[in-house]
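Residue-level structure breakdown
Now for the letters of each chain:
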Amino acid sequence: MKLLIRHGRLVDPVSGIGGVMDILVDEDGTIAGIGSNLPDTADRIIDADGLVVCAGLVDMHVHLREPGFEYKETIDSGARAAAYGGFTSIACMPNTDPVIDSSEMIQFVREKGRAACGVNVFPIGAVTVGQQGGALTDFAALKQAGAVALSDDGVPVQHANIVRDGLIMGAMHGLTLLSHCEDADMVKNYAVNEGRISRQLRLEGRPAIAEEIMIARDAMLAEETGGALHICHVSTARSVALVRRFKKKGVQITCETCPHYFTLTEDAVLEKGSLARVNPPLRTQQDVDGIIAGLKDGTIDVIATDHAPHSEEEKARTLAEAPSGIAGLETALALSLTHLYHTGLLTLSDLLRKMTINPACILRVNKGRLAVGSDADIVVFDPDEAWRIDPARFIGKGHNTPFGGETVKGKVKYTIAGGEIIYSEKEAPDYVI
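Residues numbered from 1 in each chain as written. Predicted model: local features only at pLDDT ≥ 70, side-chain atom pairs only at ≥ 80, totals over all residues. Heavy atoms only, no water.

**Regarding the overall build of the protein**
As a reminder of what qualifies: Helix and strand assignments follow DSSP, with helices taken as H or I runs no shorter than four residues and strands as E runs no shorter than two, numbered in order from the N terminus. Here the term buried applies to any residue with accessible area under 20% of the maximum for its type, exposed to any over 50%, and partly exposed to those in between, with areas from a 1.4 Å probe on protein chains only. Here, two residues are considered to be in contact whenever any of their heavy atoms come within 4.5 Å of each other. Using a 1.4 Å probe, accessible areas were evaluated by the Shrake-Rupley method; residue-level cover was limited to the displayed protein chains. When charges are counted, Lys and Arg contribute as positive and Asp and Glu as negative, whereas His and the chain ends are disregarded. The location of each charge is read from NZ of Lys, CZ of Arg, CG of Asp or CD of Glu.
What the protein contains, in helices and strands, is 15 helices and 18 strands. The burial tally for the protein puts 60% of its 433 residues in the buried class. Counting contacts in the protein only where the partners sit at least 6 residues apart, residues at least 24 apart contribute 75% of the total. Carbon and sulfur atoms form 49% of the exposed surface of the protein, whose accessible area is close to 15900 Å². Of the side-chain charges in the protein, 42 are positive and 58 negative, and the distance between the mean point of each set is 4 Å.

Dropping the structure here:
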């Protein structure tokens, strides 16, 4: 089926193409033309007048829970949630049961992804066998099976020599290491940031230095080995400063943050309880300001979701006992538009760069751009439309979010993957106020 998207406001940070344009999608699922007033030869036409048209969003950090925790999420339900949020490509972390640490498990994820709703599901393999922090996995086999990166996310790699060897091997096989930077001995299973709120609640806290010291260690190892290092979910101002310093030295280091780290502080746990429990924890206003500064100056390359769905029963536990994580695929674009674009902190092009081409480049996948001949992975959204976040109406299985009830701006209208419409607002609940 040929598809024509007409009169949309095209935003492509890679080419710099902008303005009101049409996009013609061929029957093979690739972009056949981009320009003004393209001939009306399509089988279906989408009127995008007044809407933004850009490359489908790329989320390089999600937890799809399958295999082993299908009651929280499955690859299919997570992919459908991604499509609702405007994501056409997602990369899933390996902390499942069994761990995604073998070529067989990589193939399992890829097969499940192909059977899902059309979103591209890219598996991330574990750095160490069983995420135990000891023996390295077979990087060559994981790469050949289809792994796009390696990470022990959720379980920090404690031993520097393992990270060092991993960076060396990653460089040999063209794989970036995605590092969860927290010193496990310092954070244990503590629920909140160490500081004013932890003292008020009389809880042990996760100190900011536990994140920062591991970033410094891994950045130094990346500098020494020449390996490619990506820091996951940066949450402190000093972490941003560390990454900025090593980038200026020419080290192959990139990093991401998540919407909750530039919108919420540790005070959120007083109101939202376990819904605001996440690893690393929400920090101080000074840290939020530091994250925003890093987004503005380009130190932070990527806005990821760290989509971490849990069951309602799990999140109903006490703050100290509940699991950490926020379901973020369905709210990330709107939260980012609301708090970064509509406030004037980032241009639309800069914001979308962090949610399309930058994560695609770090993962080394050919996604995140609009060009003739490229895959027609496209999202069409209204940047100004207001809606209220209602977690009870989420598409994914995980409804755990501290943003419930918040009014945001930015509504996805269509998500298109490989030329196929995989989400249309007309087929979803009406969130418009």
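**Description of helix α13 (residues 332-341)**
In terms of residue burial, α13 counts as a mostly covered element, since 8 of its 10 residues are buried. Among the residues of α13, Ala332, Leu333, Ala334, Leu335, Ser336, Leu337, Thr338 and Leu340 are the ones counted as buried.

**A few points about the sheet that holds strand β14 (residues 253-257)**
Spelled out, the test is: When DSSP finds two or more bridges between two strands, those strands count as paired.
Read across the open sheet, the 5 strands follow the order β9-β10-β13-β14-β15; overall the sheet is parallel. Where the open sheet ends on each side, the last strands, each with one partner, are β9 (150-151) and β15 (302-303). Across 2 bridges, β9 lies against strand β10 (residues 177-179) in parallel orientation. Across the sheet, Ser151 pairs through a bridge with Leu178, a residue of β10.

**Observations concerning the pattern of salt bridges**
Short version of the rule: Should a side-chain nitrogen of Lys or Arg be within 4 Å of a carboxyl oxygen of Asp or Glu, the pair is scored as a salt bridge.
Inspection of every chain in the model, using the stated rule, returns 17 salt bridges. The residue Glu66 makes a salt bridge to Lys112 at a minimum N-O spacing of 3.2 Å. Taken as a pair, Glu66 in the loop between β6 (57-62) and α1 (75-84) and Lys112 in helix α2 (residues 103-114) lie far apart in primary sequence, 46 residues in all. The residue Asp301 makes a salt bridge to Lys247 at a minimum N-O spacing of 2.8 Å. Of this pair, Asp301 sits in the loop between α11 (285-297) and β15 while Lys247 sits in helix α8 (residues 237-248), and the two are 54 residues apart along the sequence. Overall, the relative accessible area of 13% leaves Asp301 in the buried class. When its relative accessible area of 24% is taken as the criterion, Lys247 is described as partly exposed. Counted as one network, the salt bridges with shared partners bring together Glu385, Lys411, Lys413 and Glu425.

**Focus on empty space enclosed by the protein**
Gaps left between atoms are located by rolling a probe of water-molecule size over the structure's atoms. Test applied: The definitions used throughout rest on a 1 Å grid laid over the protein atoms alone, on which a cavity is an enclosed set of points accommodating a 1.4 Å probe that cannot get out and a pocket is an open set flanked by protein within 12 Å on both sides along at least five of seven lines; lining residues are those having an atom within 4 Å of a point. Grid points are joined across faces, edges and corners, and a volume is the space filled by probe spheres set on the points.
Taken as a whole and assessed by the stated rule, the structure comprises 4 cavities of 30 Å³ or more. The space that makes up the largest cavity amounts to roughly 100 Å³. The leading source of residues in the lining of the largest cavity is β10, at 3 residues.

**A look at the sheet that holds strand β7 (residues 87-92)**
Let me state the cut-off plainly: The angle between two axes is taken between their N-to-C directions and runs from 0 to 180 degrees, where each axis is a line fitted to C-alpha atoms and a helix contributes only its stretch in contact.
What the 3 strands build is an open sheet, ordered β6-β7-β8; its pairing is parallel. In this open sheet, the two strands that pair with only one neighbour each are β6 and β8 (120-123). The sheet shows a mean angle of 20° between the axes of neighbouring strands, direction not considered. Across the face of the sheet, α1 comes into contact with β7 and β8 while running at roughly 140° to β7. Strands in contact with α2 are β7 and β8; relative to β8, the strand with the most contacts, it is inclined by about 175°.

**Here we look at the pairing of strand β3 (residues 31-35)**
In this structure, strand β2 (residues 18-25) lies alongside β3, joined through 4 bridges in antiparallel fashion. Across the sheet, the residue bridging to Ile23 is Ile34, located in β3. In sequence, β2 turns back onto β3 through a hairpin of 5 residues, with Gly29 there showing a positive phi of about 85°.

**Topic: a nonpolar patch on the surface**
Defined as follows: Like charges are joined within 9 Å and nonpolar side chains (Val, Leu, Ile, Met, Phe, Trp, Tyr) within 5 Å, but only among residues with over 30% relative accessible area and no salt bridge; these make up the patches.
Together, Met186, Ile209 and Ile213 make up a nonpolar patch on the protein surface, roughly 230 Å² of accessible area in all. Examined against the element boundaries, Ile213 turns out to sit in helix α7 (residues 208-225). Classification of Ile213 by relative accessible area gives partly exposed; the value is 44%.

**Concerning the layout of surface pockets**
Let me state the cut-off plainly: Each residue is assigned to one of three groups, with Ala, Val, Leu, Ile, Met, Phe, Trp, Tyr, Cys and Pro labelled nonpolar, Asp, Glu, Lys and Arg labelled charged, and all others, Gly among them, labelled polar.
Here the largest pocket defines a volume of roughly 520 Å³. In terms of lining residues, the largest pocket is bounded by 29 residues, among which Asn95, Gly154, Asn279, His310 and Ser324 are the most central. The class makeup of the residues in the lining of the largest pocket is 9 nonpolar, 10 polar and 10 charged. Reported here for the second largest pocket is a volume of approximately 190 Å³.

**Details of unusual backbone geometry**
Asp97 connects to Pro98 through a cis peptide bond whose omega is 5°. Tracing the sequence through the fold places Pro98 in the loop between β7 and α2. At the junction of Asn279 and Pro280, the peptide bond is cis and its omega measures out at -10° in the coordinates. Inspection of the secondary structure puts Pro280 in the loop between α10 (268-272) and α11. One non-glycine residue with positive phi stands out, namely His7, at about 60°.

**Comments concerning the pairing of strand β18 (residues 420-424)**
When strand β17 (residues 407-417) meets β18, the two strands line up antiparallel, connected through 4 bridges. For Thr415, the partnering residue across the bridge sits in β18 and is Tyr423. What sits between β17 and β18 in their antiparallel hairpin is a turn of 2 residues, with Gly418 showing a positive phi close to 55°.

**Focus: the state of the cysteines**
Basically, it comes down to this: Count a disulfide wherever a pair of cysteine sulfur atoms falls within 2.5 Å.
Summed over the entire model, instances satisfying the criterion amount to 0 disulfides. Of all cysteine sulfurs in the structure, the one in Cys232 sits closest to Cys181, which takes part in no disulfide; the separation is 7.8 Å.

**So, the side chain of Asp306**
Rules: Think of a polar contact as two N or O atoms within 3.5 Å of one another; within protein, one of them needs to be a possible hydrogen donor and the other a possible acceptor, and neighboring residues in sequence only count if both atoms come from side chains.
By the element assignment, Asp306 lies in the loop between β15 and α12 (312-315). Put simply, Asp306 is tucked away with no salt bridge, and the nearest opposite charge, on Arg65, sits 7.2 Å away. For Asp306, the side chain forms a polar contact with the side chain of His61, separated by 2.9 Å.

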